[in-house]
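Chain and residue survey
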Amino acid sequence: MNIYIGNLAYGVTSDELHEAFGAFGEISRATVITDRETGRSKGFGFVEMPNDDEARKAIEEMNDQPLSGRNIRVNEAKPREDRGDRPRRPRF
């Protein structure tokens, strides 16, 4: 199951996410999403757990709990929307 983690402190790393959610079971991947240009965290990330029961337990236990000084929002990730053929903004 893919888990969305929002309201992350900007200093939280992927390793810290892995460690925090690893207490609930096996982690396939933990990633903090960063801005392409600056490399700075966007304040959210994803954790993938192969066992759905462990993932649900992690969601239940971690939602609205503090991580690095901020209460995080945790829920099952929704599939990414297809953006279609929307034109991209030019990068300058």
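The following paragraphs examine the structure supplied in this document. Keep in mind that what you see is a predicted model, and the values were worked out from it rather than measured.

Some thoughts on the nonpolar core
Ranked by internal contacts, the top residues of the largest apolar core, which has 21 residues, are Ile5, Leu8, Leu17, Phe21, Val47, Ile72 and Val74. Here the element with the most residues in this core is helix 2 (residues 52–62); it accounts for four residues. Not counting chain neighbours up to four residues away, the residues in contact with Phe21 comprise Ile5, Ile27, Val47, Met49, Ala58, Met62, Ile72 and Val74.

As for the pairing of strand 2 (residues 29–34)
The pairing of strand 2 with strand 3 (residues 41–48) spans five bridges and is classified as antiparallel. Its bridge partner lying in strand 3, Val32 is registered against Gly45. Linking two consecutive strands that pair antiparallel, namely strand 2 and strand 3, is a turn of six residues; a positive phi of about 80° is found at Gly39 within it.

What about the sheet that holds strand 2?
Pairing is antiparallel in the open sheet, where four strands are placed in the order 2-3-1-6. Sheet topology places strand 2 and strand 6 (73–76) at the edges, where each strand pairs with a single neighbour. Each strand of the sheet is rotated relative to its neighbour by a mean of 20°, with strand direction disregarded. Two strands pair when backbone bridges link them, and strand 1 (residues 2–6) and strand 6 are joined in this way by four bridges, in the antiparallel orientation. In the sheet register, Tyr4 faces strand 6, and the bridge partner there is Asn75. Where helix 2 meets the sheet, its contacts fall on strand 1 and strand 6, and the angle it forms with strand 6 comes to roughly 155°.

Definitions and limits used
Residues numbered from 1 in each chain as written. Predicted model: local features only at pLDDT ≥ 70, side-chain atom pairs only at ≥ 80, totals over all residues. Heavy atoms only, no water. Core = buried A, V, L, I, M, F, W, Y, C linked by side-chain atoms within 4.5 Å. Buried < 20%, exposed > 50% of the residue type's maximum accessible area, 1.4 Å probe, protein only. Helix = DSSP H or I, 4+ residues; strand = E, 2+ residues; numbered from the N terminus. Contact = heavy atoms within 4.5 Å. Pairing = 2+ DSSP bridges. Axes fitted to C-alpha atoms, helices over the stretch in contact; angles between N-to-C directions.

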